[in-house]
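Each chain is listed here by its residues.
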Amino acid sequence: KIGEGKKPLAFEGFILLCKLLATAKPERASGWSNRTFMWSYMTLLWNLMTRNESVDDLLEDHFDWTGDAMLIEEQGHKGDQCGEEKYWKHVYANPQHPEICSVLALAVHQFCSEYRPLSGTNHQIFDGTNSKDRFSKNLAQCLSKFMIYIMSLYMSLASVVNFNCNNYFSRPIV
C-alpha cells in the first residue's frame, strides 16, 4: 500500500539532524562518545546511500584514500550475500557544511574513541556487537528529545506573541 513502510528523510531534515548530533551537549560526560558515534554513523549512512547493516559491518581495511576522496569498500548488497560484487564508493569532504561531512565526523569519532593497538586483527570502525541497533535506539531517543525541544520553543514563542498582543495592542491583529 502507498504510505506504508519507511518514510524518506528530506535533505533539510538530514542537515538539521546532523547539526543537532554534532553540536548538542550530551546530558552526561560519557555521552560524548555516543554523540560522535551517532554523528559519524548518520553521515556515513546518508553519504554512502547504504543500509544500516552495511555501515555496522565496516572494518578498518574497508577504507582507503585516493586524491581527496575517502574510499569505502561496499561489501556487497542485499542480493549479493556472498560479497562477490564488492566495489568502492567515493566520499568527499564538505568544508562548506561541516555538520554533514562524513570525513570530519568519522575523524572526530576515531580520534575520540578508545585507543586500540594494532595487533594484526582488523577492527570494526564502530565498536560493539550491534551498532545498528544502538544507532536506531539512540536515534529514536534523540528525535524524541528534539521534538520536545521544538514544542517547548513553539509554546514559548506562542506565549510571547499572546502576551504582546493582549497587553500592548488596543485592537486585535488580523
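See the structure shown above.
Residues numbered from 1 in each chain as written. Predicted model: local features only at pLDDT ≥ 70, side-chain atom pairs only at ≥ 80, totals over all residues. Heavy atoms only, no water.

1. Some details on the packing of aromatic side chains
Each aromatic ring pair is specified by the distance between its two centres and by the angle formed by the two planes.
Turning to step 1, where the next piece is worked out: Summed over all chains, the structure comprises seven aromatic pairs.
Turning to step 2, where the next piece is worked out: Judged by centre distance (6.3 Å) and plane angle (35°), the ring pair of F11 and F14 falls under tilted. A residue pair is termed a helical-turn pair when its members lie 3 or 4 positions apart in one helix, as F11 and F14 do in helix α1 (residues 11-23) at three residues.
Turning to step 3, where the next piece is worked out: Here the aromatic residues F37, Y41, F126 and F135 are joined through ring pairs into a cluster of three or more.
Turning to step 4, where the next piece is worked out: Sitting above the plane of the F37 ring, R134 keeps its charged end 3.8 Å from the centroid. (Phe/Tyr/Trp six-rings, centres within 6.5 Å; stacked < 30°, edge-to-face > 60°. Helix = DSSP H or I, 4+ residues; strand = E, 2+ residues; numbered from the N terminus. Lys NZ or Arg CZ within 6 Å of the ring centre and 35° of its normal.)

2. Let's talk about the pattern of salt bridges
Turning to step 1, where the next piece is worked out: Applying the stated criterion across every chain yields a total of three salt bridges.
Turning to step 2, where the next piece is worked out: Between R51 and E53 there is a salt bridge, and its shortest N-O distance comes to 3.6 Å.
Turning to step 3, where the next piece is worked out: E53 gets classed as partly exposed once you look at its relative accessible area, which sits at 32%.
Turning to step 4, where the next piece is worked out: A salt bridge links E53 to K132, with the nearest nitrogen and oxygen atoms 3.8 Å apart. Linking E53 in helix α3 (residues 52-56) with K132 in helix α5 (residues 131-168), this pair joins segments that are 79 residues apart in sequence. (Salt bridge = Lys/Arg side-chain N within 4 Å of Asp/Glu carboxyl O. Buried < 20%, exposed > 50% of the residue type's maximum accessible area, 1.4 Å probe, protein only.)

3. Let's talk about helix α4 (residues 102-112)
Turning to step 1, where the next piece is worked out: Buried within α4 are the following residues: S102, V103, A105, L106 and H109. One side of α4 holds all its buried residues, which, seen down the axis, span an arc of 165°.
Turning to step 2, where the next piece is worked out: Looking at the buried residues of α4, the elements they touch are α2 (31-48), β1 (63-66), β2 (69-74) and β3 (87-92). (Arc of directions from axis to C-beta. Contact = heavy atoms within 4.5 Å.)

4. Considering the sheet that holds β2
Turning to step 1, where the next piece is worked out: Within the open sheet, the three strands sit side by side as β1-β2-β3. Their pairing is antiparallel. Edge positions in the open sheet fall to β1 and β3, since each of these has one partner strand only. Neighbouring strand axes in the sheet, compared pairwise and without regard to direction, differ in orientation by 35° on average.
Turning to step 2, where the next piece is worked out: Examined bridge by bridge, β2 and β3 share six bridges and lie antiparallel to one another. Bridged to M70 within β3 is V91. (Pairing = 2+ DSSP bridges. Axes fitted to C-alpha atoms, helices over the stretch in contact; angles between N-to-C directions.)

5. Observations concerning the side chain of T36
Turning to step 1, where the next piece is worked out: Relative to the helices and strands, T36 is located in helix α2.
Turning to step 2, where the next piece is worked out: Residue class for T36 comes out buried when judged on its relative accessible area of 10%.
Turning to step 3, where the next piece is worked out: Excluding residues that lie within four positions of it along the chain, T36 makes contacts with V108, H109 and C112.

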